[in-house]
Protein chains: 2
Amino acid sequence: MTNSPAQPLRIALDAMGGDYGPPETVAGAVAAVTEARGRVAVLLVGDPEAVQPELERQAGQGLPIKLIPSEGVILDSESPMQALRAKPKASALVGVGMVKEGIADAFVTMGSTGATMAASALLLGMMEGLERPALGGPIIGYAPNTVLMELGSSIDCRPSQLVDFAALGVAFSRTYLEVAEPRVGILSVGEEESKGNRQTREAFPLFQASGLNFVGNVEGHDLGAGKADVVVCDGFVGNILLKTIEGLGDGLSKYVTERLSGHVSGEDAAAIGRDLYDLLNRTEYNGGGPLFGIKGNVVVGHGRSSAAGIARAVSTAARLCDTGLIGKLEDELNALRARTAS
Amino acid sequence: MTNSPAQPLRIALDAMGGDYGPPETVAGAVAAVTEARGRVAVLLVGDPEAVQPELERQAGQGLPIKLIPSEGVILDSESPMQALRAKPKASALVGVGMVKEGIADAFVTMGSTGATMAASALLLGMMEGLERPALGGPIIGYAPNTVLMELGSSIDCRPSQLVDFAALGVAFSRTYLEVAEPRVGILSVGEEESKGNRQTREAFPLFQASGLNFVGNVEGHDLGAGKADVVVCDGFVGNILLKTIEGLGDGLSKYVTERLSGHVSGEDAAAIGRDLYDLLNRTEYNGGGPLFGIKGNVVVGHGRSSAAGIARAVSTAARLCDTGLIGKLEDELNALRARTAS
């Protein structure tokens, strides 16, 4: 699916998604192609009447950005499946469809995660044995190579699903983060095998038999301490953790900015506060991460992403294409299935 | 059980518990009675040969501190029930026994939480309908009135147990934190009733029918935002959250101290880093919290507590006695049972 190195990667970007709409997504597209210096072309998917004026206002001549018309947008507040039926030409469906048709190498959106997941599962399909796409990635800025899986797609999980998440995380860690032999841990309440809830205690022997580089249970304070490269939990725990950490980024940023008043200039205080915010809002900072388990490159970002975050999401998508992550994820899952088949 | 106001409260303190042992616990006792100005007497429970020399070294004449001999200490690494049998005169058992006998108004320890729980449940008994003691308290320093229940004692919970935790948290919030009408929320992955795992979705209608001031689901970022006064989760989620936040306190403290180098003096940088640490290590800072559900005042603190933290734990125990929390917890549980009896 990936073009030859001479050709730019074609990244479809949902111009309608995100809290700030076309003014921000178009700015993100401009930033992305400018930074990529010819390596990336952006296919902006959106309502022409909303996107075209922004493009004319913001995009200089000759930038590799092209408008792909769509109709409407699916909101976070809508039921994904109903919305997909009601708005068959919505930007998320058009964008995912372009990946399916081979017109785009990847699709990037800051819009509804649920709708993008549903559209992706429907049009691109899931890797064998997976029920739904998984979300994961680094969540603490000073532990950039520690990946937490899963972050909120799979709420009630069977123990065996945790092993699947681990395999996906391992492929991502190795391929995308270039960690040689990713260590896998189960997020729990104590190091000993006997510590944990029913789910993690049942998962423990499955991890031992998985052939993955399993290092046992890890605890909350280990997340930032590099004790494992891939830390696995169900989406209920992961989503609560992710949002707690994001909220702390917000609260601590304000606290530190105020605490520094009188010690450093207001500008410096704000900058340090902002750094703290970014450190704990990695999804927003990175502009999002891949939908794991989908047979195609789809990146879902934070609704609150700025143009800079959107540009980073496009860059993430380009790197997914360059590293061939999708194939690596499938290989890892297949290898896991082969090792654990009885 | 509480003495008349003229008499000092008699707080038994485990001199053997905590990571730093008698040198630190004795210093904590000295700080506690000094700050309490006659309101508190400390009964130091420990091996005389280890505690007496520290007392002689640290405690001035006439301080209301008395040594109560015990033999041995139960370590975190031991199985609580086995250790209680093997060491019947260990400090935790002697201390809890003093509360049972009415010789002490409360017991405070920085030692093994598991052993203290087991000893307390055994000797003092559980409130009706509860299976084991619950842990809870504020966990984010800038949201000092937001109580998270439960923090790691009850790992796999039935939905109805979450309602019990809420009632305990409400009584604590009203009595100890002086919140007039504590709002109760279920920690989940979305505000809507339909969002959550099986446990929280089944708990939702129980909360609606509980007569508590239930405000619905709250999310991770709401923990620091004051959206509810009592936030409920099972001990698996709560323990992971608590330890993650504590770990962030450690990591961010180091990050900010380094980040400030060159901007402020090394002293100021360290002080600001320390503030950040304290903000996210509330159990350690507060020196611990009550064992909820035990029919007696028992405070369990962080093993890492300093003398200042230990003194705060003694002060917490004194406040538990003064506010009559135990009775209020039982009243709240009984009222809940009466409202929900069918």
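1. A short note on the overall build of chain A
Broken down by element type, chain A carries 12 helices and 11 strands. Relative to its length of 342 residues, chain A is compact, with a C-alpha radius of gyration of 20 Å against a globular reference of 20 Å. Each principal axis of the C-alpha distribution contributes one length, and for chain A these read about 60 × 60 × 40 Å. Relative to its 342 residues, chain A shows a buried fraction of 60%. Across chain A, contacts joining residues at least 24 apart in sequence account for 71% of those joining residues at least 6 apart. With the model as given, the accessible surface of chain A reaches about 13200 Å², and the carbon-plus-sulfur share is 50%. Positive and negative side-chain charges in chain A, numbering 29 and 40 respectively, have mean positions lying 3 Å apart.

2. Overview of the relation of the copies chain A and chain B
For the pair chain A and chain B, the relating rotation is 180°, the translation along its axis is 0.0 Å, and the fit reaches an RMSD of 0.0 Å. On the angle and the small slide along the axis, the relation comes out as a two-fold axis. When the interface residues of chain A are mapped onto chain B, 100% of them are again interface residues, pointing to one common binding face.

3. Concerning the pairing of strand β1 (residues 9–14) of chain B
Residue and element names in this part refer to chain B. Summarising burial for β1: five of the six residues are buried, a large majority. Sheet topology note: the β1/strand β2 (residues 40–46) ladder contains six bridges and is parallel. Bridged to L13 within β2 is L44. Taking the sense of rotation as the criterion, the β-α-β connection linking β1, helix α1 (residues 21–36) and β2 turns out right-handed.

4. What about the packing of aromatic side chains?
For the structure shown, the criterion picks out eight aromatic pairs over all chains. Ring centres of A:F172 and A:Y176 lie 4.9 Å apart, and the angle between their planes is 15°; on these two criteria the pair is classed as stacked. The exposure classification of A:F172 matches that of A:Y176, with both residues buried. Summarising the aromatic geometry, the rings of B:F204 and B:F214 are spaced 5.0 Å apart at their centres and angled 75° between planes, so their arrangement reads as edge-to-face. Placement of the pair is B:F204 in helix α7 (residues 198–208) and B:F214 in strand β8 (residues 214–218), with a sequence separation of 10 residues. Neither residue differs from the other here; B:F204 and B:F214 are each classed as buried. When the ring centre of A:Y285 is taken as origin, the NZ or CZ atom of A:R312, which lies over that ring, is 3.9 Å away.

5. Points about the environment of B:G60
By the secondary structure assignment, B:G60 is in the loop between α2 (48–58) and β3 (65–69). A C-alpha to C-alpha distance of 40 Å links B:G60 and B:E258, two positions 198 residues apart in sequence.

6. Some remarks on the environment of B:E150
All names here are of chain B. With respect to the helices, strands and loops of the structure, E150 is situated in the loop between β6 (147–149) and α6 (159–175). Placed 136 residues apart in sequence, E150 and N286 show a C-alpha to C-alpha distance of 17 Å. In contact with E150, not counting residues within four places along its chain, are P133, A134, L135, F165, C233, D234, G235, G238 and N239. Here the side chain of E150 touches S153 through a polar contact of 2.7 Å, landing on its backbone nitrogen.

7. Looking at the interface of chain A and chain B
Chain A puts 42 residues into the contact, and the matching count from chain B is 42 residues. Interface of chain A and chain B: buried area, both sides summed, is about 3700 Å²; carbon and sulfur atoms make up 73% of it. Across the contact surface, chain A and chain B share six salt bridges. Our count for the contact surface shared by chain A and chain B stands at 14 residue pairs in polar contact (both at pLDDT 80 or more). Contributions of two or more residues to the side of chain A that touches chain B are made by α7 (198–208), α8 (235–259) and α9 (266–280) of chain A. No other element matches the 16 residues that α8(A) contributes to the side of chain A that touches chain B. Along the lines of polarity and charge, the residues of the side of chain A that touches chain B split into 22 nonpolar, 12 polar and eight charged.

8. Some details on the environment of A:L280
Looking at the secondary structure, you find A:L280 in helix α9. When the C-alpha positions of A:L280 and A:D47 are compared, they lie 34 Å apart, and in sequence the two are 233 residues distant. Ignoring any residue separated from it by four or fewer positions in sequence, one finds A:L280 in contact with A:I139, A:I245, A:E246, A:L248, A:G249, A:L252, B:L248 and B:L252.

9. Considerations on empty space enclosed by the protein
Rolling a probe over the atoms, with the probe sized like a water molecule, indicates the empty space that remains. All names here are of chain A. For the structure on display, the rule yields three cavities of 30 Å³ or more. The calculated volume of the largest cavity comes to roughly 50 Å³. Contributing to the lining of the largest cavity are D14, G17, V73, I74, S91, A92, T109, G111, S112, A115 and T116. Tallied by class, residues from the lining of the largest cavity come to four nonpolar, six polar and one charged.

10. Brief notes about helix α6 (residues 159–175) of chain A
End to end, α6(A) covers 25 Å across 17 residues, agreeing with the expected 24 Å (1.5 Å per residue, within 8%). For α6(A), the tally of buried residues reaches 15 of 17 residues, placing the bulk of the element in the interior.

11. Here's the deal with helix α12 (residues 325–340) of chain B
Residue and element names in this part refer to chain B. For α12, with 16 residues, the first-to-last C-alpha span of 22 Å sits near the 22 Å given by 1.5 Å per residue. Every buried residue belonging to α12 is among L325, I326, L329, E332, L333 and L336, and all of these are buried. For α12, the arc enclosing every buried residue in end-on projection is 130°, short of the 170-degree limit, so these residues lie on one face. Turning to α12, the residues buried within the fold contact α6, β10 (289–290) and α11 (307–323).

What counts and how
Along each chain, numbering runs from 1 in the same order as the chain's sequence is written. Whichever chain is written first becomes A and whichever ligand is written first becomes 1, with later ones labelled in order. Given that this is a predicted model, residues contribute local features only at a pLDDT of at least 70 and side-chain atom pairs are listed and counted only at 80 or more, while totals for whole chains, interfaces and linings are drawn from all residues. Side-chain numbers come from the whole structure's heavy atoms, not from hydrogens or water. Under the DSSP-based scheme used, a helix requires at least four consecutive residues in state H or I and a strand at least two consecutive residues in state E, with every element numbered from the N terminus. Only C-alpha atoms enter the radius of gyration; for comparison, a globular chain is expected to reach 2.2 Å times N to the power 0.38, where N is the number of residues. Buried, partly exposed and exposed residues are distinguished by accessible area as a fraction of the type maximum, computed with a 1.4 Å probe on protein chains only: under 20%, between the cut-offs, and over 50%, respectively. Any pair of residues with heavy atoms lying within 4.5 Å of one another is described as a contacting pair. A 1.4 Å probe and the Shrake-Rupley method give the accessible areas. Residues count as covered only by the protein chains that appear here. Two residue types count as positive, namely Lys and Arg, and two as negative, namely Asp and Glu; His and chain ends fall outside the count. For the purpose of locating charges, the reference atoms are NZ of Lys, CZ of Arg, CG of Asp and CD of Glu. When the copies are superposed, the least-squares fit takes in the C-alpha atoms of residues with a pLDDT of at least 70 in both. Here, any two strands with at least 2 DSSP bridges between them count as paired. Crossover handedness is defined here as right-handed if the route from the first strand over the helix to the second strand goes clockwise, with the strands pointing away from the viewer. Think of it this way: a Phe, Tyr or Trp ring, Trp meaning its six-membered ring, pairs with another when their centres are within 6.5 Å, and the plane angle makes it stacked under 30 degrees, edge-to-face over 60, tilted otherwise. Our definition puts a charge over a ring when NZ of Lys or CZ of Arg is within 6 Å of the ring centre and also within 35 degrees of the ring normal. Any pair of N or O atoms that falls within 3.5 Å is considered a polar contact. Within protein, one atom must be able to donate a hydrogen and the other to accept it, and sequence-neighbouring residues count only if both atoms are side-chain atoms. Summed over both partners, buried area is the accessible surface (1.4 Å probe) that two parts give up on being assembled. Basic side-chain nitrogens of Lys or Arg form a salt bridge, by our definition, when they fall within 4 Å of a carboxyl oxygen of Asp or Glu. Amino acids are sorted into nonpolar (Ala, Val, Leu, Ile, Met, Phe, Trp, Tyr, Cys and Pro), charged (Asp, Glu, Lys and Arg) and polar (every other residue, Gly among them). Detection works on a 1 Å grid of protein atoms alone, calling trapped sets that fit a 1.4 Å probe cavities and calling open sets with protein on both sides within 12 Å along at least five of seven lines pockets, with lining residues defined by an atom within 4 Å of a point. Grid points are joined across faces, edges and corners, and a volume is the space filled by probe spheres set on the points. Expected helix span is taken as 1.5 Å per residue step, with the number of steps being one fewer than the number of residues. Along the arc lie the directions from the helix axis toward the C-beta atoms.

Geometric values such as these leave the question of function open.
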